[in-house]
Amino acid sequence: MNARKDGRCSSTLCHPVGLFCLGWLLASALGKTIRYHTYEEDPPGTVIGTLADELPLKVPGGSDGDRSFRLMKQSGNSSLVRVRERDGQLSLGAERLDREQLCGQAEEPCVVAFDVVSLGGPRGGSSSQYRLVHVELEVRDINDHAPRFPQPLIALEVSESAAPGTRLPLDLAHDLDVGSNGIQSFAVSPNSHFGLEAQSRADGLKCAELVLLTELDREAQAAYRLELVAKDGGSPARSGTATVSVRVLDANDNAPAFPHGALLTVELPEDAPPGSLLLDLDASDPDEGSNGQLLYAWGSQVPAEARQLFGLDPLSGRLSLQGAVDYELQRAYELDVQASDRGASPLAASCKVVVRLLDVNDNAPTVAISALSAGVGGGGAATQAGAEEDDASASTVAYVSEAAPAESLVALVSTSDSDAGANGQVRCSLLAAPHEPFALQRAYDASYVVLTTGALDRERVAEYNLTVVAEDLGSPPAKTVRRLTVRLADENDNTPRFAKARYEVAVLENNPPGAYLASVLASDPDLGLNGKVTYRLLDSQVMGASISTYVSVDPATGAIYALRTFNYEIIKQLELTVQATDGGSPQLSSATLVKVRVVDQNDNAPVITHPALTNGSLEIGVSSKAARDSLVVHIKARDADEGVNSELSFSFLEDPQQPQLPALDLFAINKKTGEVVLSRSFSEELLGQVYQLLLTVADKGRPPLSTTVMISFQSYTSTPSYSKEPIPPVAIWKGHSFNTISGREAEFSGKDSGKGDSDFNDSDSDISGDALRKDLITHMQNGLWACTAECKILGHSDRCWSPSCGRSNPHSSPRPKTQLSTFCKSTSLPRDSLHRDNYYQAQLPKTVGLQSVYEKVLHRDYDRTITLLSPPHQGRLPDLQEISVPLYQAPSTRYLGSPPETSQKV
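Residues numbered from 1 in each chain as written. Predicted model: local features only at pLDDT ≥ 70, side-chain atom pairs only at ≥ 80, totals over all residues. Heavy atoms only, no water.

Caption draft 1: Just the nonpolar core, in detail. Grouped together as the largest cluster of nonpolar side chains are 31 residues, with contacts concentrated most on Leu281, Phe310, Leu335 and Val353. For this core, the elements supplying multiple residues, two or more each, are strand S15 (263-269), strand S16 (277-280), strand S17 (294-298), helix H3 (304-309), strand S18 (310-312), strand S19 (318-321), strand S20 (332-341) and strand S21 (348-358). When residues of this core are assigned to their parent elements, the largest contribution, five residues, is made by S21. In contact with Leu281, other than residues within four places in its own chain, are Phe258, Pro259, Leu264, Tyr296, Leu312, Gly317, Val337, Cys351 and Val353. Counting 29 residues, the second largest nonpolar core, distinct from the first, contains Tyr535, Ile547, Ile571 and Val578. (Core = buried A, V, L, I, M, F, W, Y, C linked by side-chain atoms within 4.5 Å. Buried < 20%, exposed > 50% of the residue type's maximum accessible area, 1.4 Å probe, protein only. Helix = DSSP H or I, 4+ residues; strand = E, 2+ residues; numbered from the N terminus. Contact = heavy atoms within 4.5 Å.)

Caption draft 2: Structural context of the layout of surface pockets. The space that makes up the second largest pocket amounts to roughly 930 Å³. The wall of the second largest pocket is formed by 37 residues, among which Arg167, Leu168, Gln338, Ala348 and Ser350 lie closest to the centre. When contributions to the lining of the second largest pocket are tallied by element, the ones reaching two or more residues are strand S8 (153-159), strand S9 (167-169), S17, S20 and S21. A class-by-class count of the residues in the lining of the second largest pocket yields 23 nonpolar, eight polar and six charged. (1 Å grid on protein atoms, 1.4 Å probe; cavity = no way out; pocket = protein on both sides within 12 Å on 5 of 7 lines; lining within 4 Å. Points joined across faces, edges and corners; volume = space filled by probe spheres on them. Nonpolar A, V, L, I, M, F, W, Y, C, P; charged D, E, K, R; others polar.)

Caption draft 3: Just the packing of aromatic side chains, in detail. A complete count under the given rule lists eight aromatic pairs for this structure. Aromatic pair Phe498 and Tyr535: ring centres 6.4 Å apart, planes at 55°, arrangement tilted. You can see Phe498 sitting in strand S30 (residues 497-498) and its partner Tyr535 sitting in strand S34 (residues 533-538), a full 37 residues away along the chain. Here Tyr535 falls in the buried class, since its relative accessible area comes to 6%. Centroid distance Phe652 to Phe713: 6.3 Å. Interplanar angle 80°. Geometry classified as edge-to-face. Of the two residues, Phe652 sits in strand S45 (residues 648-654) while Phe713 sits in strand S49 (residues 706-716), which places them 61 residues apart along the sequence. Of the two residues, Phe652 and Phe713, neither departs from the other in class, the shared state being buried. Members of the aromatic cluster, joined through ring pairs, are Phe652, Phe667, Tyr691 and Phe713. Its guanidinium or amino end placed over the ring of Tyr550, Arg564 lies 4.3 Å from that ring's centre, counting from NZ or CZ. In this structure, Lys572 packs its charged tip against the face of Tyr568, placed 4.7 Å from the ring centre. (Phe/Tyr/Trp six-rings, centres within 6.5 Å; stacked < 30°, edge-to-face > 60°. Lys NZ or Arg CZ within 6 Å of the ring centre and 35° of its normal.)

Caption draft 4: The state of the cysteines, seen in detail. Considering all chains together, one arrives at one disulfide under this definition. Here Cys103 pairs with Cys110 through a disulfide, and the sulfurs are 1.9 Å apart. Its S-S torsion of about 75° marks the bond between Cys103 and Cys110 as right-handed, since a negative value means left-handed. According to the relative accessible area criterion, Cys103 is partly exposed, its value standing at 26%. (Disulfide = S-S within 2.5 Å.)

Caption draft 5: Layout of the pairing of strand S31 (residues 502-508). Side chains Tyr503, Val505 and Val507 project from S31 onto a buried face, and the interleaved Arg502, Glu504, Ala506 and Leu508 project onto a face without burial. Taken together, the seven bridges between S31 and strand S40 (residues 589-599) define a ladder with parallel strand orientation. Its bridge partner lying in S40, Glu504 is registered against Lys595. (Pairing = 2+ DSSP bridges.)

Caption draft 6: Spatial organisation of the sheet that holds strand S37 (residues 551-553). Strand order in the open sheet made by the three strands is S32-S38-S37, with antiparallel pairing throughout. A single partner strand is all that each edge strand has here, and the edge strands are strand S32 (516-519) and S37. With strand direction ignored, the average angle separating the axes of adjacent strands in the sheet is 20°. Inspection of the sheet shows S32 paired to strand S38 (residues 559-562) by three bridges, in the antiparallel sense. The residue of S38 that forms the bridge with Tyr516 is Tyr561. (Axes fitted to C-alpha atoms, helices over the stretch in contact; angles between N-to-C directions.)

Caption draft 7: View of the pairing of strand S11 (residues 194-200). Both S11 and strand S12 (residues 206-212) contribute to a ladder of seven bridges, which runs antiparallel. What sits directly across from Ala198, in S12, is Ala208. Connecting the antiparallel pair S11 and S12 is a turn made up of five residues, with Gly204 showing a positive phi of about 95°.

Caption draft 8: Looking closely at the environment of Gln541. Within the secondary structure, Gln541 sits in strand S35 (residues 541-542). Sequence spacing of Gln541 and Glu575 is 34 residues, and the spatial spacing of their C-alpha atoms is 9.7 Å.

Written out as C-alpha cells, the structure reads:
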C-alpha cells in the first residue's frame, strides 16, 4: 500500500522535500486538519487512512459505533476520494489520480483538500454533536514521464571568428514530472570544440547551453553534429535525446552588443493592459552597412505561450505586452532575445529578459456553501450532505428541523482567494437580523460553520434569508456576497386550537332528524399530517342514552347534525364535547364544549285542568240563590309551552244551537284568571234552564293554539233534579284513545249495541280490571309498537318509541299521582303528560274497522285513568307488574263548593 500518513514536521513548516505535517492543526474547537499523502497512479481503492483513528475522543456518552462520517462534497474531489461511513476510512476513488493533471508542473506540493463531518449519536442523528475534519491529501509525483525535446533536431550557427566562451542556447527540454523526477542534468557527446553547461531558470525550468571551448576554422570543418541528452532524477532515471547540428559561418568582425548586459529584469503589474511597453532593448553593432543593421528575434528557449503574451519588434527591439497575464497562473517569465546583424556571416548576441509579475487584488474571494439537508436537526433522520445551488447568484438552501437544539450544524462555508499576501487573506461574516438565531463560527483557517444559536419555531418564522460576506484584506478589498436560505422542517409541536373555547347553539324544537346544528372549527398551524385536523364526539350520557344517539359530528368538517327530533318539553339543553385531533405522531388533541339550547315552539294547545271534563264538556250547577257577581266556578288550564306560548286567555261564545238562551247575559268570565261570575241574579223564568256556552282557552303564541269545550250551566234550588246518587265517571278505550264518560252512559251489558261504532263487544266491552289488563297486554303483544322519525335515522333497535297508552290524571285527588309508563320496548326516554300530539301506526286486534289507524296521544284529562306500573329500570313486556285503574269518587252534583272526594282501586 503506497498511501501513508506523514508524521514528520518541524514547527509550522514541513520538510523541504515535500513531506507534510500530520496531526492536530486545530484552529478552534470545531475543526481539525489532518494531512495524508499518496502517490499518483495508485490504483482505485487504495486506503489512505482512517479518520476514526485520528479522532480518539468519544462523544460524551457515545462510542465509536455511534459515530458516522460523511464527505462534504466539493467541486473537483467528489470522485477522487471515498469515505467509509462507519469509521471514516479514506480510499482512492474510481477516477485516475494524475498529479500532472491536478497541479501541472508547479513545484509546490500538489494537495487535494476536502472536508469530512463526523456526527455523534445513534447513526449520527444529532447535528449538535459533530466534529468537522479538514483533510489535505498530498499527491506525490512518480517518475512516469521522460524528458522530451520539442524537436529531434536542433540547428545552430556560429561564426568561425567566435571567441571561446561564446554560448549557444539550446532548445528547452520538458519533463512533466517535478522535483527529483524532473530534468536534473544534460550531457553532450564528447568533442574538442564544444562543452555543455546546465542552468536553472527563474521560472524553475532547467536549460542547457553549448559553450565554445576552442576557436573554430570553417575551412577545416564547416559543421558539427552532436548528441544532446536530458536526464531526470527518478529511480530508475529516464532520459530524452536530440541531435544538435552546428554550422560554422564565415567571420564578421563585430558582433552586436546589448547596452544593459546579458540579463535584464522587468516588473509588470498583472493588470497591465495589452500594448504596454516593457522594455526597449536597443542593441548596437559598430559595423557599417548590413553588418551593423540588427534584427531581433526570440531565442529558441522562449515557450510558445510567452510568444503569444509578449511582442518583440524585429527592427526596433521594443518588447511589449500583447496579452493579459495572470499572477495566479504564472508569476514570472524568462524571455531569450537574440540580436543579429545582417552581414554575409551575421554575428549575433543574446540576452535574457526576466519579466516578474506583480500581484494585484484582482480576484474576489470564492465562497462555497455546503448545506446539511432536512433531518439533521432534532428529527433524528440520517444526515445527507448537499446544497441546492446552481450558480454564484443563486441562494443555497439548507433544511433544519424546528426542533433542532442550539449549536446545531446548518451549513459549512469554505472560502479561498487566489491572490497573494494580504490580497489573498479572507475574512468571512454573516449578515443576519439581531433576532435571527444563527451565527457564523470559524472552523479552521479558511472554513466556517453556520450554527443555530437559539430555539426555532416554524409557525412563527418558516424561512430565514441569511447573507454570507467574504472579504479579502487587499486595498481596496474585494468582496463576495452569497445568500443562504434556511428553511425549517415542521414538527408536530402545536395542538389543534378551536376558534372558540365554548360554543352555544340554539335549535327550534321539532327539528327534522339530520338537521344541521352548527360547526366547530379548530386550526393547527403545523404542516401536512401534523396540521390535518379531524373531529370526534366524546361519549357522554343524556337521560340514560349515549350522546351519539342525539347528535353526530362530521370528522372532516366539524359540522354537528341532529340525529333525532328534539322536544323542548322533554329536553331543554344538550351539552356535548367535541375533540379535535391532528394527524401527527404522536397525535395532539384539544376539546371544546358545545351547548345546544332547544328553543320552545308553540306546539301545545292549552289543557283545562279544573274542573274535570265529562265527555269533553263541563257541567256546572248554579244555585238559584246565588247573588249577582258571585263566583260560579274557577276554570283552570295550563299549557306545556313556556313564555308567551303558555300565557292563556279565557273567553265565552254563545252556543250556536241555543242562541235564544241569554247565557252570555248571565255569565261572564275573567279573560286572565278564568273565574266565571254570575252577571245577574236568576229570575223565576230563568230557573230550571240549562245554559250552554262555548269556552275557548287560547295561548298567545304565534300562531296561537286554543282549546274549545262546551260548558253547561244549570240552576238548582237545593237538590239536583237529575240524580241523588252520583255515579263516578268511567274511562274507556274508544277507537283511538281513552275517553271519560259519565256513569250514566256506561252500560256494560256485554252486548254489542248493533250500531257498529263500539269496540267493546263481547269480552272487549268488559272494563273491569282484569279484562282491561288482558286487553292492553293483548294489544301490546300484537304489535302496538311504533317506529318514529328518530328510529329511521338511528336504525331499528330497542330504542324505538312506543305509543302512549294513557296519561296521569292532572286533577287533584286523594290518591298520590302515579307515573304512567308507556307501551314501549325500552323506557329510555319518558313521555311528558303534556307532550304535543304524536301519531303512531298501530295494528289493533279483533276490530276490523280499526286495523289501520293512528293512535293520537291527546292532551286530555280523565276522572278515571289507567296506570301501568313498571319497574324503575328499563323494562320489557314481561316486566309489567301491575295494571291498576284508579277510580275517583265524583260528587253527586256539581256545586260551587268542593265536595269531599274518595278513590277506589279496582
